[in-house]
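Remarks on the overall topology
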Amino acid sequence: MTLLKSTLSILAGATLLLSTQLMAAPIELKFSHVVAENTPKGQMAIKFRDLVNERLAGKVKVEVFPNAQLFGDNKVLEAMLLGDVQMAAPSLSKFERYTSKLQIFDLPFLFKDMAAVDRFQQGPDGQQLLNSLKSKGLIGLGYLHNGLKQLSADKMLKVPEDARGLKFRIMSSDVLQAQFEQVGAIPIKKPFSEVFTLLQTRAIDGQENTWSNIYSKKFYEVQPYITETNHGLLDYLVVTSTEFWTGLPDDVRTELKKSLDEAIAYGNKIAAQKARSDRQAIIDSGRSKVIELTAAERQQWVEAMKPVWKKFSKEIGQDLINSAVQSNQ
Ligand code: SIN
């Protein structure tokens, strides 16, 4: 009788354990970002969500929060360290409080095109930079492209002198601040979610961004001129917290990374397409005039902004800058 009782209680315990395991809630992965869904980052995040929710069904559940619905870029990394969000992809310009190394990506006229950006990011120095946030409890999982930035304004900008005295919204980056100060403009650090209203109400005169962001956030509707400068890069670092990432079961982490790499490749393709199609859509809208610079005019911008490199060479490291320059060859 005693034997029967204890066998029954072992069986009951085992059944309970099994059903608890079967009912274990999937790991929640919240992916927060600030742009629209019809952008390279928006599409990449959706692709990642769909791949993971299919491949790791029942184990991981990804939810995507676009348009700064959950956190703006000024708060998301703090929230990540507190475990309130597990993944984000802020622009590389928004990590300044965590590392000075990623400032390299903000140097004006550093990369001649996106192929050079790829060579640098995928090379040894670019890969090393993925670890530059480790001491702060964050891990870079990969780079995602948006593309090269253009200057939009409520007046026509052809040479640096045209920007003198104008107020430009910038991301939270001292390099970008120096870049605008270099041409006598007034840079103002503001979150992405406020840019449209600031432009619409004429609280600021202009901003810098990619074709995709200018189109998807309708900046072109309130900015009569866009100068095609391709003067800087707007790419992203897909980031997670070390605590979350290292706490995952190995098989789950491996599958998440694989799905992320596929989603990034997909997002990069969209970035290249959108750089062309959103530019064209803006031209076709007739709302904003796209100004193409002559080689001589562009050279004036290059020369006016170039002193920024020297200003930040110590913080970033001259060797790293040389390595990025090499990727243009
Ligand atoms: C983004 O593309 O994530 C936002 C860029 C910006 O703040 O201008």
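Now for a look at the structure at hand. (Residues numbered from 1 in each chain as written. Predicted model: local features only at pLDDT ≥ 70, side-chain atom pairs only at ≥ 80, totals over all residues. Heavy atoms only, no water.)

**Notes on the environment of Asp113**
Along the chain, Asp113 falls in the loop between β3 (87–88) and α4 (114–122). When the C-alpha positions of Asp113 and Gln128 are compared, they lie 21 Å apart, and in sequence the two are 15 residues distant. A polar side-chain atom of Asp113 sits 3.0 Å from the main-chain amide nitrogen of Ala116. (Helix = DSSP H or I, 4+ residues; strand = E, 2+ residues; numbered from the N terminus. Polar contact = N/O pair within 3.5 Å; in protein donor to acceptor, adjacent residues only side chain to side chain.)

**Description of helix α13 (residues 318–326)**
One turn of an α-helix holds 3.6 residues; hence residues three or four places apart share an orientation. Of all the positions in α13, only Leu320, Ile321 and Ala324 are classed as buried. For α13, the angular spread of buried residues about the axis comes to 100 degrees, placing them on one side. The secondary structure elements touched by the buried residues of α13 are α4, α5 (124–129) and α12 (307–316). (Buried < 20%, exposed > 50% of the residue type's maximum accessible area, 1.4 Å probe, protein only. Arc of directions from axis to C-beta. Contact = heavy atoms within 4.5 Å.)

**Section: the site of the ligand**
The environment of the ligand is formed by Val34, Val35, Lys41, Lys94, Arg169, Met171, Phe192, Asn209, Asn213, Leu234 and Tyr236. Take Lys94: an N or O atom from its side chain is 2.7 Å from an oxygen atom of the ligand. In this structure, Arg169 approaches the ligand through a side-chain N or O atom, which is 2.7 Å from an oxygen atom. Surface burial for the ligand is 100%, taken as the share of its 260 Å² of free accessible area covered by protein chains. In this structure the site holding the ligand corresponds to the largest cavity. For the shell around the ligand, the residue count by class is six nonpolar, two polar and three charged. (Near = heavy atom within 4 Å. Areas by Shrake-Rupley, 256 points an atom, 1.4 Å probe, with all protein chains shown as cover. 1 Å grid on protein atoms, 1.4 Å probe; cavity = no way out; pocket = protein on both sides within 12 Å on 5 of 7 lines; lining within 4 Å. Sits in = over half its atoms within 2 Å of the grid points. Nonpolar A, V, L, I, M, F, W, Y, C, P; charged D, E, K, R; others polar.)

**Looking at the pattern of salt bridges**
Counting across every chain of the model gives 17 salt bridges. Across the pair Lys274 and Asp278 runs a salt bridge whose closest N-O atoms are separated by 3.8 Å. Of this pair, Lys274 and Asp278 both sit in helix α10 (residues 250–285), four residues apart, which is roughly one turn of that helix. An identical accessibility class is assigned to Lys274 and Asp278; each is buried. Salt bridges sharing common partners tie together Arg55, Glu255 and Glu262. (Salt bridge = Lys/Arg side-chain N within 4 Å of Asp/Glu carboxyl O.)

**Focus on the pairing of strand β1 (residues 27–32)**
Pairing of β1 with strand β2 (residues 60–65), which is carried by six bridges, proceeds in the parallel orientation. Within β2, the position partnered with Glu28 by the bridge is Lys61. When β1 meets β3, the two strands line up parallel, connected through two bridges. When the bridges of β3 are listed, Phe31 appears paired with Met87. (Pairing = 2+ DSSP bridges.)

**Here's the deal with the nonpolar core**
Judged by nonpolar contacts, the single largest core of 59 residues is most densely connected at Met44, Phe48, Leu256 and Trp301. In terms of residues, this core owes the most to one element, α10, which gives six residues. The residues touching Trp301, leaving out its near neighbours within four places in the chain, are Phe109, Leu151, Leu157, Lys158, Val159, Pro160, Ala163, Val183 and Leu293. (Core = buried A, V, L, I, M, F, W, Y, C linked by side-chain atoms within 4.5 Å.)

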